[in-house]
Amino acid sequence: MSDILQHIISAIPLVLQPEVILFMVIGTAVGIAIGALPGLSATMGIAVLIPLTFVMQPLTALGMIAGIYNGAMYGGAIPAILLRIPGTPAGIATVFDGYPMAQQGRARSALDISLASSALGSGVSALALLLLAPPLAAISLSFGPSEYFWLAVFGLTSISVLLSDNPVKGLLSACFGLWIGSIGIDTITGNERFTFGQMELLDGLDIVMLLTGLYAIPPALELAEKALVIHREQLTVGNETEKFRWRSLIPTWIRSSIIGIIVGIIPALGGNVAAILAWNEQRRVDRNPERFGKGAPEGVAAAECANNADTAATLIPALTLGIPGNAVSAVILGALLVHGLRPGPQLFRDNADITYGFMLAMLITAVLMFVIGRLGARIFINVLRLPALVLAPMIVALTVVGVYSINNSMFDVWLMLGLGAIGYGMDKMSIPSAPAVLAVILGPMAEAEFRRALLISGGDIGFLFGRPISMVLIALVLLVLLVPLFRRLFRRRAKEMPSAAA
Amino acid sequence: MKIVELATALVLLALAGLGLVDAVGFPRASAYLPVAVLGLTCALSFAWAAQSALAIRRERPTLRLDPAETRRLVTLAMLSLLYALGMEAIGFFTSTILFIPLAGLALGYRSWRGLAIATVGFIAVLYAVFGLLLQTPLPGERMLELIGGA
């Protein structure tokens, strides 16, 4: 514990540098704006801006990313409350009570409650990250090659199977990522793999192309496709604030923060699940559950607190084990790689200052989000009026120039656009893209550890099954593979129950 | 959509099969991962194709597309490709100055004032970030070169 405190104390001056604070402020403001725009998400915001962070110091870049992540989670509440359209998937449960509050002329109160609850959830989540991640990383430092191999397999299997309704699609996405990860010169044998005679592919496919292609281009195309138009009169908030006993929300915040953190740690769930569970739980424990769905402030507080409590918590397995639980943490891992930081327990040992600085940035941006959200409330509401039909080509242009600027290469631009088309197709066919990104990160690690294990054991494949932690991980992989069967059973039983009752 | 899924699964199966043939020829240590991954891709693509075929047989789905949405999607996709080509041919800023208002208009946005403000503001931000702050060498502006040359 003293070690953790020591690292936190030494990271504080780094994270409080003026440049880092400036980019945290910019990131938070951009994040709120992105989250407020229906169809855009934190994942897309980070993916578009990653190329711009190349020239920044790692902590400055990560501070900005922390701001975007936290800010976008709150930003999603603005259209959820005012327009009944969640800005991000995590804002879905905010609609339940937020929109009725707005219809009753209480939009300002709903926005205030959502802002305070979001900031609080993010803050608690960042504290959980700071306290839980280092011990977990310390434990996983004792892992050998076989454990790392199975850990990578577990991470890939769980996100592929749990993130999609159809495990075949999730696993196909992972295979696509593993194939992309194998492109280039094999560092051990020096053999070229799938380079198709292209010099540009010898070093492999840069993860930035994949991230921007899969996460920035599809939302831009969908913005143009849907062409959502929002009029000024739809954004009336009013100036009156109702008197409200903030203290009454404390139990809601505590409950929802815990739910958000637990959901965040579990792979493949995400902010929308956290928000719905917290909203449901709040309704269950309330003395008048019939108020919910009709404009109960506690409903807004529960949903917003939980979806923000999910943010930093998803980074616990991502930073310590290199296993992101959802798309946005996979993109953040990609951003770490861009800055030469390989996710996993060694991150806490080899780059402690930056890692602790990033975790502190998650905490600081939670506070910044409250301040910026209060000061810029009107601006963020007006962001909703930005025309989607102009915004879409702007996203394309920003992505193209961002990718070009990394290596001054048009090949990268074409590659990114190609991956963008694939990403759009994947979205339309309900194929999750997060397993592909995760596979690009974990694939090379799994392959290297597999080979190392074989080298140590003199080619004996049984070595992979010899250690107790490996056996636990194998059991977890098998359990995850059985989840679709359980799901089917539950669904069948749920279908049979009403007919039996009848 | 199931029809598209079936077609995609079959294309994927063929591509993964070709990749597998290529991967089998790699030296042994280099081949472990690609062979395993592409073998699995073949099996999964086959399963996906079978799922889609069964769904088509069960539901007889038809592919319904909203003409306006499809038009906007194709427009932006095509203009984005032209933009990337133009960036190389006539320079980054020139092609962006053309791309933003043209794409906005082609997609159906009709406020000239809005388009002008958005284009000028966007170009100013891009210039500030890439030209002044990051000092990134971007594809040269042919128009400026012509004026300079003359």
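Preceding this section is the structure that the text describes.
Everything quoted here is computed from the prediction, not taken from an experiment.

**Student:** Even after reading the chapter, I still don't get the overall build of chain B, so can you show me in this structure?
**Tutor:** When helices and strands are tallied, chain B shows six helices and zero strands. Listed by position from the N terminus, the elements making up chain B come as α-α-α-α-α-α. What you see for chain B is a C-alpha radius of gyration of 24 Å, clearly larger than the 15 Å of a compact globule of 150 residues, by over 25%. If you line up chain B on its principal axes, its C-alpha atoms span 60 × 45 × 30 Å. Contacts spanning at least 24 positions in sequence make up 62% of the contacts within chain B whose residues lie at least 6 apart. Taken as a whole, chain B presents about 8600 Å² of accessible surface, with 72% of it coming from carbon and sulfur. Here chain B contributes 11 positive and 8 negative side-chain charges, whose respective centroids are spaced 11 Å apart.

**Student:** Would you explain the overall build of chain A in this entry?
**Tutor:** Helices and strands together make up the secondary structure of chain A, namely 22 helices and two strands. For 502 residues, the compact-globule estimate of 2.2 N^0.38 gives 23 Å, and chain A sits close to it at 23 Å. Taking all contacts inside chain A whose residues are at least 6 apart in sequence as the whole, residues at least 24 apart take part in 79%. Computed over 31 positive and 30 negative side-chain charges, the separation of the two mean positions in chain A equals 11 Å.

**Student:** Can you walk me through unusual backbone geometry in this structure?
**Tutor:** The phi angle of most residues is negative, glycine excepted, and most peptide bonds adopt the trans form. Backbone geometry at Arg84(A) places phi at a positive 65 degrees, although glycine is not the residue there. Its identity as a non-glycine residue notwithstanding, Ser430(A) has a phi of 55 degrees, on the positive side.

**Student:** Would you mind going over the packing of helix H4 (residues 58-75) of chain A against helix H17 (residues 352-375) of chain A with me for this structure?
**Tutor:** Two packed helices can be described by the angle between their axes and the distance between those axes. Residues and elements named next belong to chain A. Where H4 contacts H17, the axes come no closer than 8 Å and their chain directions differ by 40 degrees. Put simply, H4 runs oblique to H17. In the packing of H4 onto H17, the handedness of the crossing is right-handed. Side by side, H4 and H17 meet where Pro58, Leu59, Leu62, Gly63, Ala66, Gly67, Tyr69, Asn70, Gly71 and Tyr74 of the first sit next to Ile354, Gly357, Phe358, Ala361, Met362, Thr365, Ala366 and Met369 of the second. The class makeup of the residues in the contact of H4 with H17 is 12 nonpolar, six polar and no charged.

**Student:** Help me understand the nonpolar core in this model?
**Tutor:** Nonpolar side chains in soluble globular proteins tend to be buried together. Core analysis: the largest hydrophobic core is formed by 203 residues, its most contacted members being Ile78(A) and Leu82(A). With 14 residues, the single largest contributor to this core is helix H19 (residues 388-407) of chain A.

**Student:** Looking at this structure, I do not really get the pattern of salt bridges. What am I missing?
**Tutor:** Between side chains of opposite charge, a pair can form when the charged atoms approach closely. Applying the stated criterion across every chain, the model contains 15 salt bridges over all chains. In this structure, the salt-bridge partner of Lys226(A) is Glu69(B), at a minimum N-O distance of 3.3 Å. On the criterion of chain membership, the pair formed by Lys226(A) in helix H11 (residues 217-226) and Glu69(B) in helix H3 (residues 67-90) is interchain, its members lying in two chains. Note that Arg451(A) and Glu447(A) form a salt bridge whose closest N and O atoms lie 3.7 Å from each other. In this pair, Arg451(A) and Glu447(A) are both assigned in helix H21 (residues 434-456), four residues apart and thus about one turn of the helix distant. The residues Arg451(A) and Glu447(A) share a single accessibility class, namely buried. Several salt bridges share partner residues, and in doing so they unite Asp186(A), Arg193(A), Glu447(A) and Arg451(A) into one network.

**Student:** How should the packing of H21(A) against helix H2 (residues 28-59) of chain B be read in this particular structure?
**Tutor:** Put simply, H21(A) and H2(B) touch, their axes get as near as 11 Å, and they point 135 degrees apart. Viewed along their axes, H21(A) and H2(B) adopt a mutual orientation that is oblique. Of the two elements, H21(A) crosses H2(B), and the hand of that crossing is right-handed. In contact with Glu447(A), Phe450(A), Arg451(A) and Leu454(A) of H21(A), H2(B) contributes Ala29(B), Ser30(B), Tyr32(B) and Leu33(B). A per-class count over the contact of H21(A) with H2(B) returns five nonpolar, one polar and two charged.

**Student:** Explain the interface of chain B and chain A to me, please; I cannot follow it from the model alone.
**Tutor:** As a measure of interface size, the accessible area lost when the parts come together is often cited. Contacts between the two partners involve 57 residues from chain B, matched on the other side by 50 residues from chain A. Ranking the residues of chain B by area buried against chain A places Leu33(B), Leu44(B) and Leu73(B) at the top, with a combined share of 13%. Applying the counting rule to chain B against chain A returns two salt bridges. No other element matches the 14 residues that H2(B) contributes to the side of chain B that touches chain A. Its residues assigned to classes, the side of chain B that touches chain A shows 40 nonpolar, 11 polar and six charged.

**Student:** Even after reading the chapter, I still don't get helix H1 (residues 2-24) of chain B, so can you show me in this structure?
**Tutor:** For the α-helix, the turn length of 3.6 residues means that residues three or four positions removed from each other point alike. Its 23 residues give H1(B) an end-to-end C-alpha distance of 32 Å, which sits within 8% of 33 Å, the value for a rise of 1.5 Å per residue. Each element contacted by the buried residues of H1(B) is listed here: helix H9 (167-181) of chain A together with H2 of chain B.

**Student:** I would appreciate a short explanation of the packing of aromatic side chains in the present structure.
**Tutor:** Working definition: an aromatic ring pair is given by the centre-to-centre distance plus the angle between the planes. Evaluated as defined, the whole model comprises 14 aromatic pairs over all chains. Between Trp279(A) and Phe292(A) the ring centres are 6.2 Å apart and the planes differ by 80 degrees, which places this aromatic pair in the edge-to-face class. With Trp279(A) in helix H13 (residues 271-285) and Phe292(A) in the loop between H13 and helix H14 (297-321), this pair connects stretches of sequence that are 13 residues apart. Each member of the pair Trp279(A) and Phe292(A) is classed as buried. Here the aromatic rings of Tyr83(B) and Phe99(B) are separated by 4.3 Å at their centres, their planes lie at 15 degrees, and the arrangement is stacked. You can see Tyr83(B) sitting in helix H3 and its partner Phe99(B) sitting in helix H4 (residues 92-107), a full 16 residues away along the chain. The residues Tyr83(B) and Phe99(B) share a single accessibility class, namely buried.

**Student:** I would appreciate a short explanation of the side chain of Thr314(A) in the present structure.
**Tutor:** All names here are of chain A. Mapped onto the fold, threonine 314 is located in helix H14. A distance of 2.9 Å separates the side chain of threonine 314 from the side chain of tyrosine 69, its partner in a polar contact. What threonine 314 contacts, discounting residues up to four positions off in sequence, is Tyr69, Gly264, Gly325, Asn326 and Ser329.

**Student:** Just checking my understanding: could you explain a nonpolar patch on the surface for this structure?
**Tutor:** Side chains of Val472(A), Leu476(A), Leu479(A), Leu482(A), Leu485(A), Phe486(A), Leu489(A) and Phe490(A) sit close together on the surface and give an oily, nonpolar patch of about 780 Å² of accessible area. Residue position: Leu476(A) is located in helix H22 (residues 468-501).

**Student:** I'm lost on the state of the cysteines in this one. Help?
**Tutor:** Counted by the stated rule, this structure contains zero disulfides over all chains. A disulfide-free cysteine, Cys175(A) has its sulfur positioned 9.7 Å from the sulfur of Cys42(B), the nearest such atom. Owing to a relative accessible area of 2%, Cys175(A) belongs among the buried residues under this scheme.

**Student:** What should I look at first to understand the environment of Ala434(A) in this one?
**Tutor:** Residue and element names in this part refer to chain A. By the element assignment, alanine 434 lies in helix H21. On the basis of relative accessible area, alanine 434 is assigned to the buried category, the value being 2%. Put simply, alanine 434 and alanine 330 are 104 residues apart on the chain and 6.6 Å apart in space, counted from C-alpha to C-alpha. Those residues in contact with alanine 434 that sit more than four places away from it in its chain are Ile159, Leu163, Tyr215, Asn326 and Ala327.

So, how was this worked out
Residue positions are given per chain, counted from 1 along the sequence in the order it is written. The naming scheme follows written order: chains are lettered A onward, ligands numbered 1 onward. For a predicted model such as this one, the threshold for reporting local features is a pLDDT of at least 70, and the threshold for listing and counting side-chain atom pairs is 80 or more; totals across whole chains, interfaces and linings nevertheless cover every residue. Calculated side-chain values reflect all of the structure's heavy atoms, with hydrogen atoms and water omitted. Secondary structure counts use DSSP, requiring at least four H or I residues in a row for a helix and at least two E residues in a row for a strand, with both numbered from the N terminus. C-alpha atoms define the radius of gyration, and 2.2 Å times the number of residues to the power 0.38 defines the globule rule. By definition in these notes, contact holds between two residues if any of their heavy atoms fall within 4.5 Å. Only the protein chains shown count as cover for residues, and all accessible areas are computed by the Shrake-Rupley method using a 1.4 Å probe. Neither His nor the chain ends is counted toward charge; the positive residues are Lys and Arg and the negative residues Asp and Glu. By convention, the charge on Lys lies at NZ, on Arg at CZ, on Asp at CG and on Glu at CD. For helices, the fitted line uses only the C-alpha atoms of the stretch in contact; every axis is such a line through C-alpha atoms, and the angle between N-to-C directions lies from 0 to 180 degrees. Throughout this description, any angle smaller than 35 degrees is read as roughly parallel, any larger than 145 degrees as roughly antiparallel, any in the 65 to 115 degree range as roughly perpendicular, and the remainder as oblique. For any helix crossing, the convention is left-handed if the near helix is rotated counterclockwise from the far helix by under a right angle, and right-handed if that rotation is clockwise. Side-chain classes are defined by residue name, with Ala, Val, Leu, Ile, Met, Phe, Trp, Tyr, Cys and Pro counting as nonpolar, Asp, Glu, Lys and Arg as charged, and the others, Gly among them, as polar. Only buried residues count toward a nonpolar core. Its members are Ala, Val, Leu, Ile, Met, Phe, Trp, Tyr and Cys residues joined through side-chain atoms within 4.5 Å. Buried residues are those whose accessible area, probed at 1.4 Å on protein chains only, stays under 20% of the maximum for their type, while exposed residues exceed 50% and partly exposed ones sit between those limits. Any Lys or Arg side-chain nitrogen located within 4 Å of an Asp or Glu carboxyl oxygen qualifies as a salt bridge. Buried area, as used here, totals the accessible surface that two parts lose on assembly, with accessibility defined by a 1.4 Å probe and the loss added over both. To estimate the expected span of a helix, subtract one from its residue number and multiply by 1.5 Å. Only the six-membered ring of Trp is used, alongside the rings of Phe and Tyr, when aromatic pairs are assigned; centres must lie within 6.5 Å, and planes under 30 degrees apart are stacked while those over 60 apart are edge-to-face, with the rest tilted. Pairs of N or O atoms within 3.5 Å make up the polar contacts considered here, provided that, within protein, one atom can donate a hydrogen while the other can accept it, and that residues adjacent in sequence are counted only when both atoms are side-chain atoms. Distance thresholds for patches are 9 Å for like charges and 5 Å for nonpolar side chains (Val, Leu, Ile, Met, Phe, Trp, Tyr), applied to residues having over 30% relative accessible area and no salt bridge. Put simply, a disulfide is two cysteine sulfurs that come within 2.5 Å.

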